[in-house]
Amino acid sequence: MSRIMFFGGKGGVGKTTSSAAYAFHCADQGLKTLLVSTDPAHSLGDIFEQKIGATIKELNPCLHVLEIDPEQESQKYINDIKDNMKKVVSPVIIEEIEKQLDAAYVSPGAEEAAIFDRLVDIITQYSEEYDKIVFDTAPTGHTLRLLSLPELLGGWLDSLLAKREKALSLKSMMDLGNKNKHEYLLNDPIIGILNRRKTNLERARSILIDQKLLNFVFVMNPERLVIEETKKAVRVLEKYSIPVNSIVVNKLLPDNLQDDFWKQRKALESSYLQEIEQAFAGKNIVKIPLLNADVRAADLARIAPFFAEVG
Ligand SMILES: Nc1ncnc2c1ncn2[C@@H]1O[C@H](COP(=O)(O)OP(=O)(O)OP(=O)(O)O)[C@@H](O)[C@H]1O
Ligand SMILES: [Mg+2]
């Protein structure tokens, strides 16, 4: 049984609904569960019909929820980097770097980096306390960029570390033997910060690829474009060795339809389902019916049992 579950998929397919129903199921089994939304358009609050924010809210003794605010995290992340950079690089280029960082703040990717930092914090901070941590993610593109970050940021941190070490070597040479280079490196606060970030990232990477700890659930609908996008996304995750154990096919039409139009839609759906079962053979395929209205907290109990298969 994996303890950390990510729910991903194309926009609007039912990620928030599915992650909430799954968390509901886990809590119902007596597992202490933390449901976390990382989506800029938070809809956990809509489902549970109450305001959920950046501090953990207890919906019941086993079900706790949290929403990460990407805007706020992103601003904090960039400020942290700026502060660190100021200590690392010469003042001459600080202004240039600040400009670049401000541009980075509004560019795609910065928000993901910030959310990622927070995810790692949450996983390291809470994985002892909770039996399950369930993440509701933003639509696929964001998530894929997010999950590829440990590799990208790893290289960037290495280059910052190398720069700092070089600067310190020069400093120790000027220090006429009072302290050796080793002492400089050991006592340097910036090397400390960078190393901690690096350790954090390495830990994140090892969490992401640890099948026993983490698993990814893709939510989809039986529709042409969604099937194609999901196939691609699963391939990308598997390329990064991130395990995907379940596919949720959401919004399935009822069986006993009379009207010709709906019968045709149902036949098409059946052929898509076959294709899905072939394309994702070996994974749990969880089928969720289309309800007659939007899913609210009171409906979660109805669809939660379907998620038993996810594990
Ligand atoms: N099985 C279902 N039956 C009926 N309505 C559903 C079902 N699943 C989801 N919905 C409705 O579809 C809409 C989208 O669902 P949801 O918010 O869970 O999708 P999402 O993938 O999280 O979307 P986004 O990409 O915007 O975050 C919501 O209004 C939700 O109530
Ligand atoms: Mg959502």
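This one's a predicted model, so the numbers in the text were calculated from it and none came from an experiment. (Residues numbered from 1 in each chain as written. Chains lettered and ligands numbered in written order. Predicted model: local features only at pLDDT ≥ 70, side-chain atom pairs only at ≥ 80, totals over all residues. Heavy atoms only, no water.)

Q: Explanation requested: the overall build of the protein chain in the structure shown.
A: Each helix and strand in the protein chain was counted, giving 11 helices and eight strands. Counting only residues that meet the buried cut, the protein chain has 49% of its 311 residues in that class. Here the contacts in the protein chain between residues at least 6 apart in sequence split such that 76% fall between residues at least 24 apart. Of the roughly 15,800 Å² that the protein chain leaves accessible, carbon and sulfur atoms contribute 52%. (Helix = DSSP H or I, 4+ residues; strand = E, 2+ residues; numbered from the N terminus. Buried < 20%, exposed > 50% of the residue type's maximum accessible area, 1.4 Å probe, protein only. Contact = heavy atoms within 4.5 Å. Areas by Shrake-Rupley, 256 points an atom, 1.4 Å probe, with all protein chains shown as cover.)

Q: Can you help me understand the sheet that holds strand S2 (residues 33–37) in this one?
A: Each strand in a sheet pairs with another by means of backbone hydrogen bonds, the pair being arranged parallel or else antiparallel. If you trace the eight strands from one edge of the open sheet to the other, you get S3-S4-S2-S5-S1-S6-S7-S8, paired in mixed fashion. Two strands close off the open sheet at either side, each with one partner strand: strand S3 (57–60) and strand S8 (284–289). Each strand axis lies, on average, 20 degrees off the axis of its neighbour in the sheet, ignoring direction. As paired strands, strand S7 (residues 244–252) and S8 are joined by five bridges and run parallel to one another. Among the inter-strand pairings, Ile247 is bridged to a residue of S8, identified as Ile285. Most of the contacts of helix H1 (residues 15–28) go to strand S5 (residues 132–136), to which it runs at about 170 degrees, and overall it touches strand S1 (4–8), S2, strand S4 (63–67), S5, strand S6 (214–220) and S7. (Pairing = 2+ DSSP bridges. Axes fitted to C-alpha atoms, helices over the stretch in contact; angles between N-to-C directions.)

Q: What's the story with the pairing of S3 in this structure? I'm lost.
A: Here S3 runs beside S4; their pairing, made up of three bridges, is antiparallel. Residue pairing across strands places Glu58 opposite His64, the latter belonging to S4. The turn linking S3 back onto S4 is made up of two residues.

Q: Teacher, can you tell me more about the nonpolar core here?
A: Most often, soluble globular proteins have nonpolar side chains that are buried together. Among the nonpolar cores identified, the biggest contains 77 residues, and Ile4, Phe48, Phe135 and Ile247 are the most heavily contacted of them. Setting aside residues no more than four positions away along its own chain, Phe48 makes contact with Ala20, Leu35, Leu59, Leu63, Val65, Ala297 and Leu300. (Core = buried A, V, L, I, M, F, W, Y, C linked by side-chain atoms within 4.5 Å.)

Q: Is there a simple way to explain helix H10 (residues 260–279) in this structure?
A: Because each turn of an α-helix spans 3.6 residues, side chains separated by three or four positions in sequence point in the same direction. Between its terminal C-alpha atoms H10 stretches 29 Å, which fits the 28 Å expected from 20 residues at 1.5 Å a residue. All of the buried residues in H10 are Lys266, Glu269, Tyr272, Leu273 and Ile276. Buried residues of H10 fall within an arc of 125 degrees about the axis and therefore sit on the same side. Turned more than 90 degrees away from the buried face of H10 sit Asp260, Gln264, Gln274 and Gln278, all of them exposed. (Expected span 1.5 Å × (residues − 1). Arc of directions from axis to C-beta.)

Q: Can you help me understand the site of ligand 1 in this one?
A: In the vicinity of ligand 1 there are 17 residues, among which Gly12, Lys15, Thr16, Thr17 and Leu291 approach most closely. A distance of 2.8 Å is found between an oxygen atom of ligand 1 and a backbone nitrogen or oxygen belonging to Gly12. Between ligand 1 and Thr16, the relevant distance is 2.8 Å, taken from an oxygen atom to a side-chain nitrogen or oxygen of the residue. The protein chains hide 80% of the 620 Å² of surface that ligand 1 would expose on its own. Put simply, the parts of the chain that give the shell around ligand 1 at least two residues each are H1 and S7. Here the shell around ligand 1 takes three residues from H1, the largest share from any one element. (Near = heavy atom within 4 Å. Polar contact = N/O pair within 3.5 Å; in protein donor to acceptor, adjacent residues only side chain to side chain.)

Q: Teacher, can you tell me more about the side chain of Thr137 here?
A: Assignment of secondary structure puts Thr137 in the loop between S5 and helix H6 (140–174). Side-chain polar atoms of Thr137 contact the backbone oxygen of Phe7, separated by 2.8 Å.

Q: Help me out: how do you make sense of the packing of aromatic side chains in this one?
A: For any two aromatic rings, the description comes down to two numbers: the centre-to-centre distance and the angle of the planes. One pass over the structure, following the stated rule, counts seven aromatic pairs. Here Phe7 and Tyr22 contribute two aromatic rings whose centre-to-centre distance is 5.4 Å and whose plane-to-plane angle is 45 degrees, an arrangement assigned as tilted. Linking Phe7 in strand S1 with Tyr22 in helix H1, this pair joins segments that are 15 residues apart in sequence. Residue Phe7 shares its accessibility class with Tyr22, and that shared class is buried. Pairwise contacts between aromatic rings join Phe6, Phe135, Phe216 and Phe218 into one cluster. Directly above the aromatic system of Tyr130 lies the positively charged group of Lys32, at a separation of 4.9 Å from the ring centroid. (Phe/Tyr/Trp six-rings, centres within 6.5 Å; stacked < 30°, edge-to-face > 60°. Lys NZ or Arg CZ within 6 Å of the ring centre and 35° of its normal.)

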